[in-house]
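One-letter residues, chain by chain:
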Amino acid sequence: MGNMLARLLRAAIPAQRVATTAAPRSPWWRTAVVYQVYLRSFADADGNGIGDLQGLRSRLPYLAWLGVDALWINPHYPSGGADGGYDVIDYRAVDPEYGDVADLEQLVADARRVGLRVILDVVPNHTSDQHPWFQEALADPSSAAASRYHFAPPSEEPPNNWRSLFGGPAWSRTPDGRWYLHLFTPEQPDLNWRDPAVAEDFERTLRFWLDRGVSGFRVDVAYGLFKDADLRDNPGTYSPTLFGHGPEQAMTWNQPEVHDVWRRWRAICDEYDEAMLVGEVSLADVGQVALYSRPDELHQSLAFRLLKSPWSAEDYAEAVVEALDAFGEVGAPVSWVLSNHDKERKVTRFGGGDVGTARARAAVLLMLALPGSAYVYAGDELGLPQAAVPDEAKRDPIFFRSGGLRAGRDGCRVPMPWNETRGVGFSTDPDARPWLPIPEDWGRYAVSRQARDGGSMLTLYRRALAQRRAHPSFAEGEASVSRQGDVLTVRSVGPSGTVRCVVNMGSQPVVVRCPGSVLLSSTTRLPRSGDGLALPPDTAVWLSED
Ligand code: GLC
């Protein structure tokens, strides 16, 4: 199917494809816009330069005003700090840097009051090396805890040819010479999901947080957990691409046994009111990704291809159609993603400066016009570029493990600018030293400044979210995607009639037929041309045909 589809889309003729979303009227998550909060960088209430739960709580009115439906909070657990909180020491606690469980409960309750649901990040593929299980396993090779990880007896060579995603070998030695597996950093030993105690403990963790009112979980590395039962060598060579896992790593990822974990987790969520699971399934084949969201598995699995596509109508059309087809086949909504805490900020990715900003504006209109659910990363609504973080201030293990060859992800994790005062309002103490340095000019992106500016990125996001709500045909409708040269059109028919999103990804203006009205556009320069509109390069428009 892939090749045929690609040929179809490459053809110069309007390649019309209808993708069904076939959704019954939605539970909330099918069309939700989820705002990803990088907790450490969002808002600091206690003045120590690190974002926290009370800081986030104080900014709930902003998020309600913005118009999103739910928040996903990056890991808040006590952590060894080796990988931005993705090395968890205690899954049923809050890191004192961020607050405590009572703060989280308060956040969830307050969020609900302003119409926002809260989703937590759960990290089941690996723990921290400081987790009590790993510590016990280190101290005693014959302990029950040792079988919850992948240890191998001392030997000259590691047990197989697997490599860490962050660079270097996937095996390190314990002080007594044993090998242990870590697909990420050595401080993140991989759990052995063939030991039932692991599954039992995570089920307890899910209930612990669901009982405290959260609305679900973003599941880290959901395509991992189980490894080949015999830990055989991978067939292919290691790819240095961070999240491009193909068949060359067939022994490491995407083992069939993992789907049963999601079935059990789904059953647990079903016991709670409207709880949902969204998986990070970074597999190259979207057909495989969609299988994680079969009706009895994860509610959603994130569709990452837009996040990686170059600015081209051909690539975008292919990514959109491919995802609509694959998820449509299993009856799941697509969960669109344009940016997150692992990727370069999209303004920079799209070329930076005015061009990058124009494209980021157009791209978000496209994303929010697509049927399904969408994920917005904190700071994107401000058009933040990738920040230049000096090497000596960097924290990301990718930078260190690649010997500085890869810049790492710190530049998209820099604290949020809230106002134009000293310290840009990130911390209650303007003199607090933020955990990552904030660029000098960050105040120009501040929320307070953009909220007053009718032409700002923030205003565009807010209007788009309001229009998306007012015109449910975008999120709930049946979409057809077509491409004519550099122009991509998504036409959706649904409960609010027929709507269209047209994106000009080329370098020349194009005339767009406009029988109805303009709902929103990414540019203020939208001159009439005959009975149509002249859409400039790198812009998008939302139209209603009724
Ligand atoms: C996921 C997270 C990433 C983290 C990795 C290891 O890919 O998004 O930030 O480093 O898992 O847990």
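Attention in this report is confined to the structure presented alongside it.

Observations regarding the packing of helix α6 (residues 196-210) against helix α7 (residues 258-270)
Between two packed helices, the angle of one axis relative to the other and the distance separating the axes together describe the packing.
Move 1: Look at α6 against α7: their axes get within 11 Å of each other, and the N-to-C directions meet at 25°. On the basis of the axis angle, α6 is roughly parallel to α7. The two elements α6 and α7 cross, and the hand of that crossing is right-handed. Contacts from Ala 199, Phe 202, Glu 203, Leu 206, Arg 207 and Leu 210 of α6 reach α7 at Arg 264, Trp 265, Ile 268 and Cys 269.
Move 2: In terms of residue class, the contact of α6 with α7 is made up of 7 nonpolar, no polar and 3 charged.

Quick notes on the packing of aromatic side chains
Move 1: All told, the structure shown has 26 aromatic pairs when counted by the stated rule.
Move 2: Measuring from centroid to centroid gives 6.3 Å for Tyr 77 and Trp 209, while their planes differ by 65°, and the two rings are edge-to-face. Here Tyr 77, found in the loop between β3 (70-73) and α4 (101-113), pairs with Trp 209, found in helix α6; they are 132 residues apart in sequence, far enough to count as distant. One exposure class covers both Tyr 77 and Trp 209, and it is buried.
Move 3: Ring centres of Tyr 223 and Trp 253 lie 4.7 Å apart, and the angle between their planes is 45°; on these two criteria the pair is classed as tilted. Taken together, the residues span a long stretch of sequence, with Tyr 223 in the loop between β8 (216-219) and α7 and Trp 253 in the loop between β8 and α7 at a distance of 30 residues. Across the pair, Trp 253 and Tyr 223 agree in class, each one buried.
Move 4: Put simply, the rings of Tyr 77, Tyr 91, Trp 193, Phe 202, Phe 208, Trp 209, Trp 262 and Trp 265 touch in pairs and so form one group of aromatic residues.

Digging into the side chain of Thr 174
Move 1: With respect to the helices, strands and loops of the structure, Thr 174 is situated in the loop between β6 (171-173) and β7 (179-181).
Move 2: Apart from the residues lying within four places of it in its own chain, the contact partners of Thr 174 are Leu 138, Phe 151 and Tyr 180.

Looking at α6
Move 1: Here α6 contains 15 residues, and its C-alpha end-to-end distance of 21 Å stays within 8% of the 21 Å for a straight helix at 1.5 Å per residue.
Move 2: The set of residues buried in α6 consists of Val 198, Ala 199, Asp 201, Phe 202, Glu 203, Thr 205, Leu 206, Phe 208, Trp 209 and Leu 210.
Move 3: On the buried face of α6, the contacting elements are α4, β4 (117-122), α5 (132-139), β8 and α7.

A look at the packing of helix α12 (residues 353-369) against helix α15 (residues 457-470)
Move 1: Packing of α12 against α15 brings their axes to within 10 Å, and their N-to-C directions diverge by 15°. On the basis of the axis angle, α12 is roughly parallel to α15. Regarding α12 and α15, the two cross each other, and that crossing is right-handed. On α15, the residues touching Thr 357, Ala 360, Arg 361, Val 364, Leu 365 and Leu 368 of α12 are Met 457, Leu 460, Tyr 461, Ala 464, Leu 465 and Arg 468.
Move 2: Residues that form the contact of α12 with α15 fall into these classes: 9 nonpolar, 1 polar and 2 charged.

Section: the site of the ligand
Move 1: Taken together, the neighbourhood of the ligand is formed by 15 residues, with Asp 83, Asp 220, Glu 280, His 341 and Asp 342 sitting nearest.
Move 2: Separating an oxygen atom of the ligand from a side-chain N or O atom of Asp 83 is a distance of 2.6 Å.
Move 3: One of the side-chain N or O atoms of His 341 is found 2.9 Å from an oxygen atom in the ligand.
Move 4: With the chains in place, 100% of the 300 Å² that the ligand exposes on its own is no longer accessible.
Move 5: Class assignment for the residues of the shell around the ligand results in 5 nonpolar, 3 polar and 7 charged.

Points about the pattern of salt bridges
Move 1: This model, assessed by the stated rule, comprises 37 salt bridges.
Move 2: As a salt-bridge pair, Arg 212 and Glu 105 come within 3.7 Å of each other at their nearest N and O atoms. With a gap of 107 residues between them, Arg 212 in the loop between α6 and β8 and Glu 105 in helix α4 connect regions that are remote in the sequence.
Move 3: The class of Arg 212 is partly exposed, set by a relative accessible area of 26%.
Move 4: Of the residues examined, Glu 105 reaches a relative accessible area of 34% and is grouped as partly exposed.
Move 5: With a shortest N-O distance of 3.1 Å, Asp 296 and Arg 263 are connected by a salt bridge. Residue Asp 296 is located in the loop between α8 (286-291) and β10 (300-303), and its partner Arg 263 is located in helix α7; the two are separated by 33 residues in the primary sequence.
Move 6: Connected via shared salt-bridge partners are Asp 83, Asp 342, Asp 396, Arg 409 and Arg 413.

Digging into the nonpolar core
Move 1: If you look at the biggest cluster of nonpolar residues, it comprises 167 residues, and the most contacted ones within it are Tyr 35, Phe 42, Leu 71, Trp 193, Trp 262, Trp 265 and Trp 542.
Move 2: At 11 residues, helix α10 (residues 313-330) tops the list of elements feeding residues into this core.
Move 3: Split by domain, the residues of this core number at least three in each of domain 1 (3-125 + 217-470) and domain 2 (477-544).
Move 4: With residues up to four places along the chain from it excluded, the contact list for Trp 262 reads Pro 124, Val 219, Ala 222, Leu 225, Tyr 292, Asp 296, Glu 297 and Leu 298.
Move 5: Counting 9 residues, the second-largest nonpolar core is a separate cluster that includes Val 502, Leu 526, Leu 535 and Leu 543.

A short note on the pairing of strand β9 (residues 276-279)
Move 1: Neither face of β9 is open: one carries Met 276 and Val 278, the other Leu 277 and Gly 279, and all of them are buried.
Move 2: Here 4 bridges tie β8 to β9, and the two strands are oriented parallel to one another. Bridge pairing in β9 links Phe 217 to Leu 277.

Procedures and definitions
Residues numbered from 1 in each chain as written. Predicted model: local features only at pLDDT ≥ 70, side-chain atom pairs only at ≥ 80, totals over all residues. Heavy atoms only, no water. Axes fitted to C-alpha atoms, helices over the stretch in contact; angles between N-to-C directions. Helix = DSSP H or I, 4+ residues; strand = E, 2+ residues; numbered from the N terminus. Parallel < 35°, antiparallel > 145°, perpendicular 65-115°, else oblique. Left-handed = near helix turned anticlockwise from the far one by under 90°. Contact = heavy atoms within 4.5 Å. Nonpolar A, V, L, I, M, F, W, Y, C, P; charged D, E, K, R; others polar. Phe/Tyr/Trp six-rings, centres within 6.5 Å; stacked < 30°, edge-to-face > 60°. Buried < 20%, exposed > 50% of the residue type's maximum accessible area, 1.4 Å probe, protein only. Expected span 1.5 Å × (residues − 1). Near = heavy atom within 4 Å. Polar contact = N/O pair within 3.5 Å; in protein donor to acceptor, adjacent residues only side chain to side chain. Areas by Shrake-Rupley, 256 points an atom, 1.4 Å probe, with all protein chains shown as cover. Salt bridge = Lys/Arg side-chain N within 4 Å of Asp/Glu carboxyl O. Core = buried A, V, L, I, M, F, W, Y, C linked by side-chain atoms within 4.5 Å. Domains from an automatic or database assignment. Pairing = 2+ DSSP bridges.

On their own, these measurements won't tell you what the molecule is for.
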